[in-house]
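Next come the chains, spelled out residue by residue.
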Amino acid sequence: MKALRRLLGQAAIPVLSVITALLFGGVVIVLTDFDQLSKIGTDPAGAILGAIGGVAKAYGAMLTGAFGDPTRIQTALRTGATKDIATAIRPITETLVASMPLIFCGLGVAVSFRAGMFNIGGDGQLRLGALGATIAAIGLAGKMPPGLILVASIAAGTAAGAFWGFIPGLLKARTGAHEVITTIMLNYVSALVLFFALRSPDLRAAGSTVPVSKVLTPIVDVPKLITLPGIRLDFGFVVALVMALLCSWLLFRTTKGFELRASGFNLTAARYAGMSAGGSMMLAMTISGALAGMAGGFLVIGTVGQLSLDVAGGIGFNAIALALLAGLRPGGVVLAALLFGALTNGGKLMGVESGIPVDLLFFIMALVIMFVAAPGLIRGMWRIKGSAKPEATPATTPTAPATPTTP
Amino acid sequence: MRLELRDITKRFPGVLANDKISISADRGKVLGMLGENGAGKTTLMNILSGLYKPDSGQIFIDGEERVFGDPVAAIKAGVGMVHQHFMLVPVFTVVEAVALGAETVTDFLGTFNRAEARKRIVELSEQYKLDVDPDAKIETLPVGVRQRVEILKALYRQSDILVLDEPSAVLTPYETEELYSIIRSLAAAGTTVIFITHKLNEVLEVADDIVVLRRGRVAGSADPKTATRQELANLMVGRDVELIVPKGPAKPGDVILHMEALHVRDDRLEMAVKGVDLDVRAGEIVAIAGVQGNGQTELVEAITGLRPVDSGTITIGGTHTEKASPRHVSDLGVAHIPEDRGRDGLINPMSVAENYILDSYHKAPYSKRGILDLKAVRARAAQGVKDFDIRTPSIDTMAGSLSGGNQQKVVVAREFSVPVQLVVAAQPTRGLDVGSIEYIHRRIVEQRDAGAAILIVSTELDEVLAVGDRIAVMFDGRIVGILSGDDATYENLGLLMGGASFGGGVAA
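Residues numbered from 1 in each chain as written. Chains lettered and ligands numbered in written order. Predicted model: local features only at pLDDT ≥ 70, side-chain atom pairs only at ≥ 80, totals over all residues.

Visitor: Please explain the overall build of chain B as it appears in this structure.
Guide: Counting secondary structure elements, chain B contains 17 helices and 22 strands. A compact globule built from 508 residues should have a C-alpha radius of gyration of about 23 Å, and chain B, at 25 Å, falls within 12% of that. Dimensions along the principal axes, computed over C-alpha positions, put chain B at roughly 70 × 50 × 50 Å. Each of the 508 residues in chain B was classed as buried or not, and the buried ones make up 49%. At a minimum sequence separation of 6, the contacts of chain B that also span at least 24 residues come to 67%. (Helix = DSSP H or I, 4+ residues; strand = E, 2+ residues; numbered from the N terminus. Rg over C-alpha atoms; globule rule 2.2 N^0.38 Å. Buried ≥ 20, exposed ≤ 12 C-beta atoms within 10 Å, placed from the backbone. Contact = placed C-beta atoms within 7 Å.)

Right, dumping it as structure tokens:
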């Protein structure tokens, strides 16, 4: 009971942030609905109802796009036609597909932030991971059974991402170079490495004019969770969930995790307690990079089946936002990634059905983050008790997520 | 002006911070407000300065009721605050910092009338013997002078009621003396001064009246001419406290900590410890007295492995530790109570339990092959909380939300949770109230009697005199004299701390 209440306390700000952002999104939909706005003088009631209807339609489409149409799923399951079932459940599986790399990268960001390292380099680490996995898959093609190639390519992707994360960790520990600068710069380097690698005839799709790799699916594929035509959801998602459990275990149950968190909160006190600050930095960045690299591996081997220049697509940056939304808790990262996955995926249908541009979703996501970053704003709007702290009251525990400080 | 607060009550969620507090101070008098941390002193002063609104109660100035909606109203009514933490822009000159927010202007463009401001500041500075250079940059000024700039700021705004919140916390003994004389001259000129502190000597020294707060209420008042330290301490804590923890004579055994010709550099690579020779034996407490910044910090960091040794020898229990890591030193059985518990000793956002294992999390019984045994952690932490009487809602409470005394108890409990042969304690009771000081001293004496060697570094003469079996005075990176606890007095220590070489001192 106590644990539940604490959980509710922790979730209050993120959940209310999402609701508030959706409400603001609704206001924007209304304000940009010129058909209804033009009627406001002649038929105010109709205009208001129409505007509300517009919002309902847009968010309804988003929900359907993200989770599917329940009646349709029911009918499809009753008739049992595989093609119908596939079409009916496709939206929700696509939401999970979209959230898979976000979970990996979000976990990576959470681990590094917990250790006080602002890993902005998720995109770069993901690219390197994707490249590593692609090279391994193509290089090993035909030399071993596909099952082994799968393991080897994901491992190669993970290792490549880990290496790309280790570099800024090492630079910070040894020279004090700030990881924000180095990871951002390594993002550019990784993009060019990818571009260069895709010029190689060994990797590049034969006869292609754009820099994309050969299609990897014939060589190796990640087993699907549901074998229906057009369903892309695969075991990568399960691995992502396992990684969330692992990260949680690492952070809260192991001595290494204890060191990471201690150094992240207070480097000086960690040093006084005999911990190696540099070691924690390098470890956190390596793990963070490895997780992003794993995302890259599963993207090219499973979801997409091909490596292209825009493989990262800003996932590494969205991961920062959702990790903060999650309060840097692995379980929260999974939920936040599902939310972001649902928004991006559902937004597509919203765009088609109600003509509202997908950009509205970026607006909503940005608002979510802004509200999470400003808990006082949300507390004020929803009139929930804050943590105004009088002098020396031991009982008050701030509910805001612990944000890391730069060492 | 005469100030009167009547039945002030202020409630925060879960706490009654001020419960019908009534105090008054006459024009030209110094009211000493004494109380432990959390007694409600700061809340009361924040009400007086307009930061908080009282739930009930009235404020009268010269018999007229005033209601302060915000700090600006309080300043207009003549109430000036000097906070514990200074609010000065470091790159400003004294004139700029003082005039900031109360500038007079020469024209409609809002040009700052610097000459006039400077003239007034010089006048005020002379009138009250503040001795502040109006053109010096704030960042170049020592802490004591910065505090005088804060006082100037209040005077510049024509405050007739001046509130000083724990003003001596950051001052050296000499600067504190200077502060007293400034306060006296302010009072003589008609300013009403409210002096908030938890230090007994200070109210006895400077106040005309003493009011003691305890748990949000007025516990009593006292006349400084007749009150004793003991009476005030008992009033403050609400029970009989021991200002000087009773301890038997030291029974010095083998040398545990040995330092010879020790040289250590500070962060700017200047030599901060310039050839220290000192032995600390098992079963004795050696206290190092000295004004902050004479190499004590660097000395402690060198002993505990946090700072490289430039040259010289350190051995702990016979083992050379000049190049040892902090963990290596700690593994030798060295307990370290660091100077700044918030920065060095605790991780505020982590729980009491996690802070309890902060330097032994990697060892049995907490760690088994790299995995934390949370059961063992919780059990041991709960035991530590019990043994050291740490007042915390639970072991899962964030360490940072505890009171200072309880935070320090967490540090001490952790450091004493394993057998130790040497205790290095830097400012172990800084900022703590009388009750906590008594407790921490008692624990340290216990360790001594159990056979540990104790090195205490403190800038508080009271502390040094209370616990030191031998007292070494550090000045400019050197030990300038060592006195036995019985021979040491405020006077001879004070002289040594100021750099006078002292005939009676025994070379190490």
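Visitor: For this particular structure, what's the right way to read the overall build of chain A?
Guide: Across its full length, chain A holds 16 helices and zero strands. Since a compact globule built from 407 residues should have a radius of gyration of about 22 Å, the 23 Å found for chain A is in line with a globular shape. Projected onto the principal axes, the alpha-carbon positions of chain A cover approximately 70 × 70 × 40 Å. When burial is assessed residue by residue, chain A has 49% of its 407 residues classed as buried.

Visitor: Which parts of the structure should I look at to understand the domain arrangement of chain B?
Guide: One frequent convention defines the size of an interface as the accessible area lost when the parts assemble. Residue and element names in this part refer to chain B. Once the domains are mapped, chain B shows domain 1 (3-237), domain 2 (242-333 + 420-508) and domain 3 (341-418). The gap between the C-alpha centroids of domain 2 and domain 3 is 25 Å. Of the residues forming the side of domain 2 that touches domain 3, the biggest block, four residues, is contributed by helix α15 (residues 434-449). For the side of domain 2 that touches domain 3, a count of residues per class yields three nonpolar, four polar and two charged. (Domains from an automatic or database assignment. Nonpolar A, V, L, I, M, F, W, Y, C, P; charged D, E, K, R; others polar.)

Visitor: Would you mind showing me how to read the interface of chain A and chain B here?
Guide: Each partner contributes residues to the interface: chain A has 23 residues there, and chain B has 37 residues. Of all the secondary-structure elements, those providing two or more residues to the side of chain A that touches chain B are α10 (255-265) and α11 (267-272) of chain A. When residues in the side of chain A that touches chain B are grouped by element, the largest group, five residues, is from α10(A). For the side of chain A that touches chain B, the residue count by class is eleven nonpolar, eight polar and four charged.

Visitor: Sorry if this is basic, but what is going on with the packing of helix α6 (residues 122-140) of chain A against helix α12 (residues 277-303) of chain A here?
Guide: To characterise two packed helices, one gives the angle between the axes of the helices and the distance between these axes. All names here are of chain A. Packing of α6 against α12 brings their axes to within 7 Å, and their N-to-C directions diverge by 50°. In terms of their interaxial angle, α6 and α12 are classed as oblique. Crossing hand, α6 versus α12: right-handed. Contact residues: α6 offers G122, Q125, L126, R127, L128, G129, A130, G132, A133, T134 and A137, while α12 offers G289, A292, G293, M294, A295, G296, G297, L299, V300 and I301. Its residues assigned to classes, the contact of α6 with α12 comprises eleven nonpolar, nine polar and one charged. (Axes fitted to C-alpha atoms, helices over the stretch in contact; angles between N-to-C directions. Parallel < 35°, antiparallel > 145°, perpendicular 65-115°, else oblique. Left-handed = near helix turned anticlockwise from the far one by under 90°.)

Visitor: When you look at the environment of R329(A) in this model, what are you seeing that I'm missing?
Guide: Secondary-structure assignment places R329(A) in the loop between α13 (315-325) and α14 (330-354). Residue classification places R329(A) among the buried residues on the basis of 21 C-beta atoms within 10 Å.

Visitor: I tried to follow the sheet that holds strand β11 (residues 255-265) of chain B on my own but got confused; where do I start?
Guide: All names here are of chain B. What the four strands build is an open sheet, ordered β12-β11-β14-β15; its pairing is antiparallel. Both edges of this open sheet fall to β12 (271-281) and β15 (319-320), since each of them pairs with a single strand only. Note: strand β14 (residues 309-316) against β15, two bridges, orientation antiparallel. Its bridge partner lying in β15, T315 is registered against H320. (Pairing = 2+ DSSP bridges.)

Visitor: In this structure, what is going on with the confidence of the model for chain B? I would like to understand it.
Guide: Residues and elements named next belong to chain B. When pLDDT is averaged across chain B, the result is 89; 98% of the residues are at 70 or more. Contacts from residues 502-508, a stretch scored under 50 in pLDDT, to residues over four places away or in other chains number 15 contacts. We note a pTM of 0.80 for the whole complex and an ipTM of 0.82 for its interfaces. (pLDDT = per-residue confidence, 0-100.)

Visitor: I tried to follow the pairing of strand β2 (residues 15-25) of chain B on my own but got confused; where do I start?
Guide: Sheet faces and side chains relate simply in a regular strand, where the side chains alternate between the two faces. Residues and elements named next belong to chain B. Note: strand β1 (residues 3-12) against β2, seven bridges, orientation antiparallel. Of the residues in β2, the one forming a bridge with E4 is S24. Between the end of β1 and the start of β2, which pair antiparallel, lie two residues, with G14 showing a positive phi angle near 85°.

Visitor: Help me out: how do you make sense of the environment of L361(A) in this one?
Guide: All names here are of chain A. When you line up the elements, L361 lands in helix α15 (residues 359-373). With 17 residues separating them along the chain, L361 and T344 place their C-alpha atoms 7.0 Å apart. If we skip the residues at most four places from it in the chain, L361 touches L343, T344 and G347.

Visitor: When you look at α14(A) in this model, what are you seeing that I'm missing?
Guide: The periodicity of an α-helix, 3.6 residues per turn, causes residues three or four positions apart to be oriented the same way. Residue and element names in this part refer to chain A. With 25 residues, α14 extends 35 Å between its outermost C-alpha atoms, agreeing within 8% with the 36 Å of an ideal straight helix rising 1.5 Å per residue. A bend of about 25° at G347 is the largest found in α14. Where α14 ends, the next residue or the one after it, G355, has phi of about 70°, a positive value. (Expected span 1.5 Å × (residues − 1). Bend = angle between axes of the 7 residues up to and from the residue.)

Visitor: For this particular structure, what's the right way to read the pairing of β1(B)?
Guide: Relative to strand β4 (residues 56-61) of chain B, β1(B) runs antiparallel, the two being bridged by five bridges. Bridging across to β4(B), T9(B) finds its partner in S56(B).

Visitor: Please explain the sheet that holds strand β13 (residues 285-289) of chain B as it appears in this structure.
Guide: Residues and elements named next belong to chain B. With respect to topology, six strands assemble into an open sheet ordered β16-β19-β20-β13-β21-β22, the strand pairing being mixed. Edge positions in the sheet fall to β16 (334-337) and β22 (478-484), since each has one partner strand and no second. Pairwise comparison of adjacent strand axes, ignoring direction, gives a mean angle of 15° for this sheet. Sheet topology places β13 next to strand β20 (residues 453-458); five bridges connect them, and they run parallel. In the strand pairing of β20, A287 is matched with I456. The strands touched by helix α17 (residues 490-497) within the sheet are β13, β21 (470-475) and β22, with β21 carrying the most contacts at an inclination of about 30°.

Visitor: Could you clarify how one ought to interpret the environment of L332(B) in this entry?
Guide: Residue and element names in this part refer to chain B. Its location among the elements puts L332 in the loop between α10 (326-331) and β16. On the neighbour-count criterion, L332 (17 C-beta atoms within 10 Å) is partly exposed. Expressed as a C-alpha distance, the spacing of L332 and G468, which sit 136 residues apart in the sequence, is 24 Å. Residue contacts for L332: discarding those within four places in its chain leaves I316, G317 and T319.

Visitor: Hey, could you run me through the nonpolar core in this one?
Guide: Note on soluble globular proteins: their nonpolar side chains tend to be buried together. With 166 residues, the main nonpolar core has V163(B), F195(B), L232(B), L422(B), V423(B), I471(B) and V473(B) as its most contacted residues. Setting aside chain neighbours within four positions, we find V473(B) in contact with A289(B), G290(B), I479(B), V480(B), G481(B), L493(B), L496(B) and M497(B). Membership of the second largest hydrophobic core comes to 108 residues, among which are I13(A), L102(A), L150(A) and A326(A). (Core = buried A, V, L, I, M, F, W, Y, C linked by C-beta atoms within 7 Å.)

Visitor: I'm lost on unusual backbone geometry in this one. Help?
Guide: One can expect most non-glycine residues to show negative phi and most peptide bonds to be in trans. Between A364(B) and P365(B) the backbone carries a cis peptide bond, its omega angle lying at 0°. Position of P365(B) relative to the elements: it lies in the loop between α12 (352-356) and β17 (367-368).

Visitor: Would you mind showing me how to read the packing of α14(A) against α15(A) here?
Guide: Residue and element names in this part refer to chain A. At a minimum axis distance of 9 Å, the contact between α14 and α15 shows a crossing angle of 160°. If you check the angle between α14 and α15, you find them roughly antiparallel. Read as a crossing pair, α14 and α15 show a hand that is right-handed. Listed contacts from α15 to F340, L343, T344 and G347 of α14 are L361, I364 and M365. Grouping the amino acids of the contact of α14 with α15 by side-chain chemistry returns five nonpolar, two polar and no charged.

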